[in-house]
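The chain contents come next:
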Amino acid sequence: MSGTVTAVSSSGEYTFTKPNRASITLIAGLGVAGDVHSGVTVKHRSRVAQDPTQPNLRQVHLIHEELFTEVADQGFTVAPGELGENVTTRGIDLLGLPVGTLLRIGSEAVVEVTGLRNPCLQIDAFQDGLLKQVVGRDEEGNIVRRAGIMGVVRTGGTIHPGDTVKAELPPGPHRPLDRV
């Protein structure tokens with residue numbers, strides 16, 4: 001399974017949206033160089049408040065560009081970086097990957113998938129009603145999160161729009177993604 005990077009984004013400050021860049025550099029064990037969420041331990045404010053010593057399983061946020069088309073059909077306009085993601089992709093089913101999948105991005109970088117982004121109310125502050133578009137329930141009443149996936153950097157490297165993303169599944173049995 002493979003796809004393409006359509007945008008890369010980062011921010012050194014706690015902002016909901018992240019500006020697009022010509023490239024970003026991933027650093028093994030830390031995340032995106034210069035990004036506020038980079039680090040060995042958790043950097044998301046709500047998680048820091050719970051336990052600042054937790055490992056950072058959310059070093060890199062990836063989201064599929066196809067989501068922007070889906071929410072556009074409901075009247076929302078979302079562009080790469082606006083939901084706080086670092087890497088926007090096209091053509092790869094990020095939400096269908098199991099935990100432990102290795103994403104080989106560009107010529108060097110490797111990100112290990114840790115789980116689903118758990119979207120927060122900030123999404124509605126960005127655009128009222130958007131949260132219901134990215135979090136819902138299936139026919140059985142289970143919560144379905146569609147706001148991207150999270151990962152940790154296993155091998156660093158610089159990535160650019162246009163780079164290839166290749167998924168390497170872990171040995172089975174596969175564990176489905178859950179929120180991290």
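Summarised in this report is the structure supplied together with it. Remember, it's a predicted structure, so these values are computed and weren't measured experimentally.

Looking at the overall build of the chain
If you tally the helices and strands in the chain, you get 4 helices and 13 strands. Since a compact globule built from 180 residues should have a radius of gyration of about 16 Å, the 15 Å found for the chain is in line with a globular shape. Principal-axis analysis of the C-alpha atoms gives the chain an extent of 35 × 35 × 35 Å. A separation of at least 24 residues holds for 68% of the contacts in the chain among residues at least 6 apart in sequence. By element, 50% of the accessible surface of the chain is carried by carbon and sulfur atoms, the whole surface being about 8,600 Å². The average position of the 17 basic charges and that of the 20 acidic charges among the side chains of the chain differ by 6 Å.

Re the sheet that holds strand 4 (residues 31–32)
One open sheet accounts for 3 strands, arranged 4-3-12; its pairing is antiparallel. Since the sheet does not close on itself, it has two edges, and those belong to strand 4 and strand 12 (157–159), each with one partner. In terms of strand pairing, strand 3 (residues 24–27) meets strand 4 through 2 bridges, oriented antiparallel. Note that in strand 4 the partner of I27 across the bridge is G31.

Observations regarding the environment of R175
Assignment of secondary structure puts R175 in the segment after strand 13 (164–168). Judged by its relative accessible area of 54%, R175 falls in the exposed class. Residues R175 and F16, 159 residues apart in the sequence, show an inter-C-alpha distance of 30 Å. Look past the residues within four positions of R175 in its chain and what remains in contact with it is P98 and V99.

Thoughts on the pairing of strand 7 (residues 102–105)
With 4 bridges joining them, strand 7 and strand 8 (residues 109–116) adopt antiparallel strand pairing. Bridge assignment links R104 to a residue of strand 8, and that residue is V110. Taking the residues that link successive antiparallel strands as the turn, the strand 7-strand 8 hairpin has 3 residues, and the phi of G106 there is positive, at about 70°. Summarising the sheet, strand 7 and strand 13 pair through 4 bridges and their orientation is antiparallel.

Concerning the nonpolar core
In this structure, L26, V60, L62, L103, I105, I149 and I159 are the most contacted members of the largest nonpolar core, which totals 24 residues. Listed by contribution, the elements that provide at least two residues to this core are strand 1 (2–9), strand 3, strand 5 (60–64), strand 7, strand 8, strand 11 (149–155) and strand 13. With 13 residues, the next largest nonpolar core counts I63, L67, L83 and V134 among its residues.

Let's talk about the layout of surface pockets
In this structure, the largest pocket encloses a volume near 530 Å³. Taken together, 20 residues line the largest pocket, and the ones lying closest to its centre are H37, H44, R58, C120 and Q122. Considering each element in turn, the lining of the largest pocket owes the most residues, 3 residues, to helix 1 (residues 45–50). A breakdown of the residues in the lining of the largest pocket according to their chemical character gives 6 nonpolar, 9 polar and 5 charged. Approximately 150 Å³ is the volume found for the second largest pocket. L95, G96, L97, L116, I143, V144, R145, P176 and L177 are the residues that line the second largest pocket. With 3 residues, the top contributor of residues to the lining of the second largest pocket is strand 10 (residues 143–145). Partitioned by chemical class, the residues of the lining of the second largest pocket number 7 nonpolar, 1 polar and 1 charged.

Calculation rules
Residues numbered from 1 in each chain as written. Predicted model: local features only at pLDDT ≥ 70, side-chain atom pairs only at ≥ 80, totals over all residues. Heavy atoms only, no water. Helix = DSSP H or I, 4+ residues; strand = E, 2+ residues; numbered from the N terminus. Rg over C-alpha atoms; globule rule 2.2 N^0.38 Å. Contact = heavy atoms within 4.5 Å. Areas by Shrake-Rupley, 256 points an atom, 1.4 Å probe, with all protein chains shown as cover. Lys, Arg positive; Asp, Glu negative; His and termini not counted. Charge placed at Lys NZ, Arg CZ, Asp CG, Glu CD. Pairing = 2+ DSSP bridges. Buried < 20%, exposed > 50% of the residue type's maximum accessible area, 1.4 Å probe, protein only. Core = buried A, V, L, I, M, F, W, Y, C linked by side-chain atoms within 4.5 Å. 1 Å grid on protein atoms, 1.4 Å probe; cavity = no way out; pocket = protein on both sides within 12 Å on 5 of 7 lines; lining within 4 Å. Points joined across faces, edges and corners; volume = space filled by probe spheres on them. Nonpolar A, V, L, I, M, F, W, Y, C, P; charged D, E, K, R; others polar.

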